[in-house]
Amino acid sequence: MAPPWRWASAAATAAAAAAAAATAAAHCTTMIVSPGASADGSVLTSSTSDCKDCDFRLAFVAARTYNGGDSPPPRPVYEAKFNFPHLVTEGRSPTWEPENLKPEGLPQVAEWLPHTKPIGSVPGVNATAALYETGSGYALLNEHQLAMGESSCPAMFVAKPVSDGGKALLDVSELSRLAMERTRTARDAIALMGALAEKYGYYGAEWDNEETKFDEAGEALMVGDTTEAWVFHILPDDSGASAIWAAQRVPDGHMTVVANNFVIRGVNTSDGDHFMFSDSVYEVAKRLNLWDGKGLLDFTKVYGQARSAAHSSYATRRVWRVFMLADPGLDLPSHTDELMSDYPFSVAPIKKVDLARMVSFQRDHYEGTEFDTTVGLAGGPYGDPDRYDPGPVGNMSSERANSGEFPRTISLFRTSYSYVARSSAALPSAVGAMLLFAPHAAGTSAYVPFYLAGETVPPAYATGSLFRFRGDVAYWAVALVTNWVHKYYIHAIGDVRALQAGLEADIRNGSLATFEANAAARLRKATKAKHVRAVTAALSDYTTSRAAATVAAYVDAFPALVAKFHDGFIRTGETEASVTMTTMFYPEWWLKAVGYFRAGDAARAEAAARAAGEDPAAAAAAALAADDAVVPVVLAPAPAGTGLSADSGSGTPPGGPVVTNGAGTGDDKASPGSGLWGGTSHLVLFVAGLVSGLGGGFLLAWWVGRLQRRSGYQEIGGS
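1. Describing the side chain of Ser42
- With respect to the helices and strands, the residue Ser42 is situated in the loop between strand S1 (29–33) and strand S2 (43–49).
- The exposure class of Ser42 is buried, given its relative accessible area of 0%.
- A polar contact of 2.9 Å, which involves the side chain of Ser42, links it to the side chain of Asp40.
- Setting aside chain neighbours within four positions, we find Ser42 in contact with Val33, Ser34, Pro35, Arg422, Ser423 and Ser424.

Here you go:
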C-alpha cells in the first residue's frame with residue numbers, strides 16, 4: 001500500500017482538472033516591493049481578494065490594553081469563514097458587531113446571532129495593536145506599518161480544524177490577525193505565526209472539500225514592514241497537528257509576486273539574514289524520504305503541488321506578467337513548467353515602483369501581449385477582458401468544461417476587494433500606515449487612502465453583502481458600473497479611466513504626498529495630545545471625504561453610462577438641440593468570424609463567375625474559404641480620458657469641469673458637468689484644502705456635508 005502522503009499527492013493531481021472551477025473561486029494575486037525598489041523607499045504590499053462569495057467588508061480593529069487581573073484573558077480563535085458574515089462578535093470592530101447586520105434587512109440574521117462561537121483559544125497578551133482586517137478573514141495592515149498580502153497555494157498535506165474532528169486550531173487568516181495584533185516587524189510576525197502554527201496546528205481553507213482541499217492546503221503571505229519585505233509559506237505537517245513553514249527575504253532593490261503557487265526554492269539554513277524556517281522543513285522531508293539530504297532543500301518541489309498540465313499557466317502566467325511589467329527587458333519565457341523552475345524568486349524593476357504603478361499592476365489583463373484578453377474572439381466584438389469560471393452548461397460536463405483554459409488575468413471580475421499597503425520608514429507610523437483600498441474588480445474600481453491612525457471605516461465600506469444589492473455600499477456601486485461597462489468594454493472603458501483618473505488624482509499628482517508630508521511635520525512638532533488628535537482627525541477626514549467622493553461618483557456614473565451606451569448605440573451631442581445616436585455595430589473581423597458575410601460573399605462570387613462563364617460553385621467555395629481564413633485583428637482601445645455625460649441625475653457643483661463626449665466618434669464638443677458631477681475639479685480642490693490646512697476648513701466641511709446629505713453616511717469608527 002502506498003504511503004498516505006503519496007496517496008494525497010496523487011489524489012490532488014487527479015482531481016486538479018475536475019476541480020478547477022471550484023478552486024478558482026478564491027485564488028488571489030499578491031505582490032511585495034522592497035524599499036530599494038520603491039520610488040520613495042517604502043515597502044509596498046498588495047493583494048487582490050479574488051473570491052466569488054466572500055464577505056467584502058473592511059474593518060478597523062482598535063488597539064487595546066489589558067489592565068485587570070493577574071493575566072490577560074485568553075484570546076478566542078474562530079474557524080476559518082470567508083463568506084458573509086465572516087464574524088459576529090462584540091468588542092472587536094464596529095464592522096463585526098451584531099448591530100451591523102441590521103442594515104442588510106435579511107431574515108437569516110437571527111441564525112447568525114448572538115455571535116460566532118470560537119473553536120478554541122490561545123493565551124492573551126497585555127496589549128494589541130490597531131489594524132485593518134476584512135471579511136475574507138485576513139489582516140492587512142497594523143499601526144506599526146506591518147503589512148501582509150495573501151495567496152493560497154497547492155500543498156502536499158491536508159489537516160482538519162479541531163471543530164471538524166481534526167487536530168489543528170489555526171488557519172492563515174487567524175495567524176495573520178494574531179501576528180498583526182502582537183508584532184511590529186516582519187521577522188517577528190513570521191516567527192510568531194510559525195511558532196503558533198507548530199504548537200497549535202495549521203489547516204488550509206477547504207479541508208472539507210475532497211476535490212479542492214489540496215489546492216487550498218498551503219498558503220503564501222507577503223509580510224512587509226518599513227525596512228524589509230518577506231515571502232512566507234506554510235502548510236500542515238503530515239500529522240495534521242503542527243505545521244511546516246519557511247520564509248525568504250526579498251533582496252533590497254527587488255520585488256516579487258505569488259499567484260497561487262509556492263515560489264521559495266532552495267532553503268539556505270546558513271543564511272539567517274534571508275531565510276527563516278521551521279525544523280519540520282527538514283525533519284519531515286527526511287523522515288518521509290521526500291528529500292535526499294543533498295544540497296539545499298527545494299521547498300516548492302518538496303512541499304508544493306504541481307497543477308495539471310492543462311492549467312499550470314493559471315499561476316505561472318501572472319508571475320511572468322508582473323516580472324515583465326517590472327522589467328520588460330527580462331529574458332523570461334512566457335511558457336514554463338508547473339513549478340516555474342526557470343523563473344527567479346524576485347526581480348529588480350527597471351523603474352522604481354510607486355503607488356500608482358502598483359495599482360496599474362493590479363488592473364492588468366495582459367494588454368499588448370499574446371495573452372491580451374481584451375482582443376480576440378473570446379472577448380466578443382467589444383473586447384470584454386472577463387473570462388468567466390468554467391462549469392457544466394447544457395450537455396457539457398464539468399470535466400469537459402475544465403479541459404480547456406483561458407488566460408487568468410490579474411484584474412478579475414470576481415474580486416471582493418484589492419489593496420496596496422504602504423509602510424514607510426520616512427513617515428511617522430500614524431501617517432505611514434496607509435492602505436489604498438478598492439472594492440470589487442481592480443480594473444474598474446477606484447482606490448481610496450485609509451489611514452489607520454484615523455480609526456475610520458466609512459459605512460459604505462463596512463457594510464453590505466452579496467445577499468442583496470445596496471446602492472449605498474461601495475462594492476455594489478462599483479459592481480454596477482463594472483458590469484455595464486464590460487457589456488460595451490472597448491467603447492465605455494475610456495469613461496471609467498477618466499473617472500478613475502479624477503478620483504485618484506491625488507495619488508498621481510503629488511497632492512497626497514504633500515498632504516502626508518504636512519501631516520508628518522505637524523506630528524513631529526506636536527507637544528500636546530490635542531495637536532496629535534488634530535492631525536489624526538485630518539487623516540480621518542481625508543479618508544471619509546475620499547471614500548464619500550468615490551462612492552458618489554460611481555453612483556452617478558451608472559445612469560450616465562446607461563444613457564451614453566445602450567441598445568448598441570453611443571449617444572453624443574447631449575448639449576445640442578438634438579442628440580446623435582451612433583451605432584456601435586461590430587468590427588469586420590468579428591463579423592467574418594461569425595459568418596455574417598458568408599451568404600452575401602458566396603452569392604456575389606457565384607454571380608461574378610456566371611457573368612464570366614466560370615464555375616459558380618468553385619467561386620462560392622473560394623469566397624467562403626477566404627472568409628474562414630480571416631484572423632481577428634487587434635482592437636484599438638477607446639481614447640483615454642473620454643468623459644461621462646451630464647445625465648447623472650445631479651446638479652453640477654460650482655466650477656464643474658468640462659469633459660469631452662463620445663468614444664472615438666469624433667464629437668469632441670465640451671459640455672458642463674459629467675458623470676463625475678463635477679467631481680474631478682472639486683476633488684482636487686478639497687485635497688488642496690486638506691493639504692494647506694490639514695482639515696480643509698470651509699471647503700472640506702461643504703464637501704463632506706454635501707456628500708453626507710446625498711448618501712446619509714454616518715461615520716463608523718473604533719475607539
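Moving on from the coordinates now.
2. Description of the state of the cysteines
- What the rule picks out here adds up to 1 disulfide.
- There is no disulfide at Cys28, and the cysteine sulfur nearest it, in Cys51, is 7.4 Å away.
- Its relative accessible area of 5% is what places Cys28 among the buried residues.

3. As for the sheet that holds strand S20 (residues 448–451)
- Spatially, 6 strands are ordered S14-S1-S2-S18-S19-S20 in an open sheet, and the strand pairing comes out antiparallel. Edge positions in the open sheet fall to strand S14 (255–258) and S20, since each of these has one partner strand only. On average, adjacent strands in this sheet sit at an angle of 15° to one another, irrespective of strand direction.
- Where strand S19 (residues 434–439) lies against S20, 4 bridges are found, and the strand directions are antiparallel. Its bridge partner being in S20, Leu436 is matched across the sheet by Pro449.

4. Points about helix H14 (residues 489–503)
- Spanning 15 residues, H14 covers 20 Å between terminal C-alpha atoms, matching the ideal 21 Å at 1.5 Å per step.
- For H14, the buried fraction is high: 13 of the 15 residues fall into the buried class.

5. As for the pairing of strand S3 (residues 58–61)
- With burial as the criterion, each face of S3 is covered, one bearing Leu58 and Phe60 and the other bearing Ala59 and Val61.
- Taken together, the 4 bridges between S3 and strand S8 (residues 131–134) define a ladder with antiparallel strand orientation. Residue pairing in the sheet places Phe60 in a bridge with Tyr132 of S8.

6. Some remarks on the sheet that holds strand S22 (residues 569–572)
- The 3 strands are arranged S21-S22-S23 in an open sheet whose pairing can be described as antiparallel. Each edge of the open sheet carries a strand with a single partner, namely strand S21 (565–566) and strand S23 (580–583).
- Bridging between S22 and S23 involves 4 bridges; their strand directions are antiparallel. The residue of S23 that forms the bridge with Ile570 is Thr582.

7. Let's talk about the environment of Leu169
- Turning to its location among the elements, Leu169 is positioned in the loop between strand S10 (147–153) and helix H4 (172–182).
- We classify Leu169 as buried; its relative accessible area is 8%.
- C-alpha of Leu169 to C-alpha of Ala197: the two residues are 28 residues apart in sequence and 8.1 Å apart in space.
- What Leu169 contacts, discounting residues up to four positions off in sequence, is Val77, Ile119, Gly120, Ser121, Val122, Val162, Tyr200, Gly201 and Tyr203.

8. Examining the packing of helix H19 (residues 598–611) against helix H20 (residues 616–628)
- Put simply, H19 and H20 touch, their axes get as near as 8 Å, and they point 145° apart. H20 is crossed by H19, and the crossing has right-handed handedness. Within the contact between the two elements, H19 uses Arg598, Asp601, Ala602, Ala605, Glu606, Ala609 and Arg610 and H20 uses Pro616, Ala619, Ala620, Ala623, Leu624, Asp627 and Asp628.
- Partitioned by chemical class, the residues of the contact of H19 with H20 number 8 nonpolar, no polar and 6 charged.

9. As for the pairing of S10
- Within S10, 7 of the 7 residues are buried, leaving the element largely enclosed by the surrounding structure.
- Across the two faces of S10 the burial is the same, with Ala147, Gly149, Ser151 and Cys153 and Met148, Glu150 and Ser152 all buried.
- Where S10 meets strand S11 (residues 218–224), 7 bridges bridge the pair, whose relative direction is antiparallel. Among the inter-strand pairings, Ala147 is bridged to a residue of S11, identified as Gly224.

10. Here we look at the nonpolar core
- Met148, Val223, Phe232, Leu435, Phe437 and Tyr461 are the most contacted members of the largest nonpolar core, which totals 86 residues.
- Met31, Phe275, Leu288 and Val359 belong to the second largest nonpolar core, which has 77 residues in total.

11. Side note on unusual backbone geometry
- The step from Phe84 to Pro85 runs through a cis peptide bond, and the omega angle for that step is -10°.
- Residue placement: Pro85 occurs in the loop between strand S5 (75–77) and helix H3 (109–112).
- The omega torsion of the bond from Leu113 to Pro114 falls at 5°, within 30 degrees of zero and hence cis.
- Despite not being glycine, Tyr366 shows a phi value in the positive range, around 65°.
- Residue placement: Tyr366 occurs in the loop between helix H9 (355–362) and helix H10 (398–401).

12. Let's talk about the environment of Asp389
- Looking at where Asp389 falls in the secondary structure, it is placed in the loop between H9 and H10.
- With relative accessibility at 30%, the residue Asp389 sits in the partly exposed group.
- Here the alpha-carbon distance between Asp389 and Arg408, two residues 19 residues apart in the chain, equals 9.9 Å.
- Side chain to side chain, Asp389 and Arg414 meet in a polar contact 2.9 Å long.

13. Overview of the side chain of Arg318
- Here Arg318 lies in helix H8 (residues 313–326).
- Despite its burial, Arg318 pairs with no opposite charge; the closest candidate is Asp50, at 5.0 Å N-O.
- Within polar-contact distance, the side chain of Arg318 engages the backbone oxygen of Ala259 at 3.3 Å.
- The residues contacting Arg318, other than those within four sequence positions of it, are Cys28, Thr29, Ala259, Asn260, Tyr366, Arg408, Thr409 and Ile410.

14. As for H20
- Taking 1.5 Å as the rise per residue, H20 with 13 residues should run 18 Å; its terminal C-alpha atoms sit 18 Å apart, in good agreement.
- Close packing links the buried residues of H20 with helix H18 (588–593) and H19.
- The backbone nitrogen of Ala617 has a side-chain oxygen 3.0 Å away, supplied by the residue at the start of H20, namely Asp615.

15. Brief notes about the packing of aromatic side chains
- Per the counting criterion, the structure on display carries 35 aromatic pairs.
- A ring pair is formed by Tyr203 and Trp207, whose centres lie 5.3 Å apart and whose planes are at 90°; its orientation type is edge-to-face.
- Since its relative accessible area comes to 0%, Tyr203 is described here as buried.
- With centroids separated by 6.0 Å and ring planes inclined at 75°, the aromatic side chains of Phe437 and Phe450 adopt a geometry described as edge-to-face. Note that Phe437 is positioned in strand S19 and Phe450 in strand S20, a separation of 13 residues in sequence.
- Through a chain of ring-to-ring contacts, three or more aromatic side chains come together here, namely Tyr382, Trp484, Tyr488, Phe558, Phe585, Tyr586, Trp590, Tyr596 and Phe597.
- Over the aromatic face of Tyr314 sits the side chain of Arg318, whose NZ or CZ is 5.0 Å from the ring centroid.

Rules and cut-offs
- Residues numbered from 1 in each chain as written.
- Predicted model: local features only at pLDDT ≥ 70, side-chain atom pairs only at ≥ 80, totals over all residues.
- Heavy atoms only, no water.
- Helix = DSSP H or I, 4+ residues; strand = E, 2+ residues; numbered from the N terminus.
- Buried < 20%, exposed > 50% of the residue type's maximum accessible area, 1.4 Å probe, protein only.
- Polar contact = N/O pair within 3.5 Å; in protein donor to acceptor, adjacent residues only side chain to side chain.
- Contact = heavy atoms within 4.5 Å.
- Disulfide = S-S within 2.5 Å.
- Pairing = 2+ DSSP bridges.
- Axes fitted to C-alpha atoms, helices over the stretch in contact; angles between N-to-C directions.
- Expected span 1.5 Å × (residues − 1).
- Left-handed = near helix turned anticlockwise from the far one by under 90°.
- Nonpolar A, V, L, I, M, F, W, Y, C, P; charged D, E, K, R; others polar.
- Core = buried A, V, L, I, M, F, W, Y, C linked by side-chain atoms within 4.5 Å.
- Lys, Arg positive; Asp, Glu negative; His and termini not counted.
- Salt bridge = Lys/Arg side-chain N within 4 Å of Asp/Glu carboxyl O.
- Phe/Tyr/Trp six-rings, centres within 6.5 Å; stacked < 30°, edge-to-face > 60°.
- Lys NZ or Arg CZ within 6 Å of the ring centre and 35° of its normal.

Read these as spatial facts, not as claims about activity.
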